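Summary of structural features
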Amino acid sequence: MNFFKRSLLFLMAICLLTSFKKKELTWLAIGDSITYLNDHVNETGNRVTKGYLTGVAERISGLRYLNKGYNGWTSGNVANKIESLGLTKADVYSIFLGTNDWWQGRPVGSLEDYKSNQGSRTLYGSFRIIIDKIHSLNPEAKILLITPMQRADFVYVNDAKNNAFGSYQPKSGQYLETFAEAIVAIGKYEKIEVIDLYHHKLLQIRNMVYFKKLKNPETGLYVNYKFPESTEIPFNPLSDEYPYPLNAINLTYDGLHPSDKGNKIIANIIAKRIKKMNLENL
């Protein structure tokens, strides 16, 4: 075989391999601190090594993620700043918000707020603004809504004075579950994929941590209290030890934010759902 024929066959082989190369897909993830921490694990007190975004990307070949997670943000924060966030065209978008809406006492609103585009005052109205923006960036994109998880008592690992009770009781007259149900309702109305983490059997509140280390009110000695007994024992952030030592970590490392174990579960759930989407024609 002469040089010309060998070169031609080589070029044909390269073209053939290139034609079968899997298309790179872009996933833009909008969220709060649970999303943000994926790329800021140093802010977890070194309790997390891998977030859910990285986990999903590892499970889906050719998927590249863009992290648009913001510490402490509500759906209203995202909606109000939607034009300044640098959101770009992507193949898949996820919206993982709601837990801060609940804690900050924002009204969940009603589906009518969404349908009639009533603005960012409620969660329903805020989601309308966010989803409209996504449609304007790429009308063909796949959208995935993710409900907030159940949450135990949160105590910030870097400042125990920053703490919050869990989703077992209402805040400002609203339960976190109501916000999860609202996101499910939006998905049903828009025919958008929804992952309901709030009601997922692997993410129940009693499994967020193994225990909460608190002082027994009668003896003053530290006891490892399990849920729900732990919710009845007071915690003083000024004098008590941090209530979640390393051996208390289960699905979360602080009662709210996923641990490596929790992130792995979430990544598995999201990756399976994305793989079922018809992405080949995007």
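Here the structure is a predicted model, which means the values were calculated and not measured.

**Considering the pattern of salt bridges**
Close approach of charged atoms allows side chains of opposite charge to pair. Applying the stated criterion to the full structure yields nine salt bridges. Its salt-bridge partner being aspartate 101, residue arginine 106 comes within 2.5 Å of it at the nearest N-O pair. In this structure, lysine 213 engages glutamate 241 in a salt bridge whose closest nitrogen and oxygen atoms are separated by 2.9 Å. In this pair, lysine 213 sits in strand 8 (residues 212-215) while glutamate 241 sits in the loop between strand 9 (222-225) and helix 9 (260-276), placing the two residues 28 residues apart along the sequence.

**Let's talk about the packing of aromatic side chains**
The final tally for this structure, using the stated rule, is nine aromatic pairs. One aromatic cluster in this structure is built from Trp27, Tyr52 and Phe96. Across the ring face of tryptophan 103, the terminal group of lysine 171 is positioned such that the distance to the ring centre comes to 3.6 Å.

**A look at the packing of helix 7 (residues 123-137) against helix 8 (residues 176-190)**
Relative to each other, helix 7 and helix 8 sit at 40°, their axes nearing to 10 Å. Considering the angle they form, helix 7 stands oblique to helix 8. For the pair helix 7 and helix 8, the crossing hand works out as right-handed. For the pair helix 7 and helix 8, contact is made by Leu123, Tyr124, Phe127 and Ile131 and by Phe179, Ala182, Ile183, Ala185 and Ile186, respectively. For the contact of helix 7 with helix 8, the per-class residue count stands at nine nonpolar, no polar and no charged.

Criteria and cut-off values
Residues numbered from 1 in each chain as written. Predicted model: local features only at pLDDT ≥ 70, side-chain atom pairs only at ≥ 80, totals over all residues. Heavy atoms only, no water. Salt bridge = Lys/Arg side-chain N within 4 Å of Asp/Glu carboxyl O. Helix = DSSP H or I, 4+ residues; strand = E, 2+ residues; numbered from the N terminus. Phe/Tyr/Trp six-rings, centres within 6.5 Å; stacked < 30°, edge-to-face > 60°. Lys NZ or Arg CZ within 6 Å of the ring centre and 35° of its normal. Axes fitted to C-alpha atoms, helices over the stretch in contact; angles between N-to-C directions. Parallel < 35°, antiparallel > 145°, perpendicular 65-115°, else oblique. Left-handed = near helix turned anticlockwise from the far one by under 90°. Contact = heavy atoms within 4.5 Å. Nonpolar A, V, L, I, M, F, W, Y, C, P; charged D, E, K, R; others polar.

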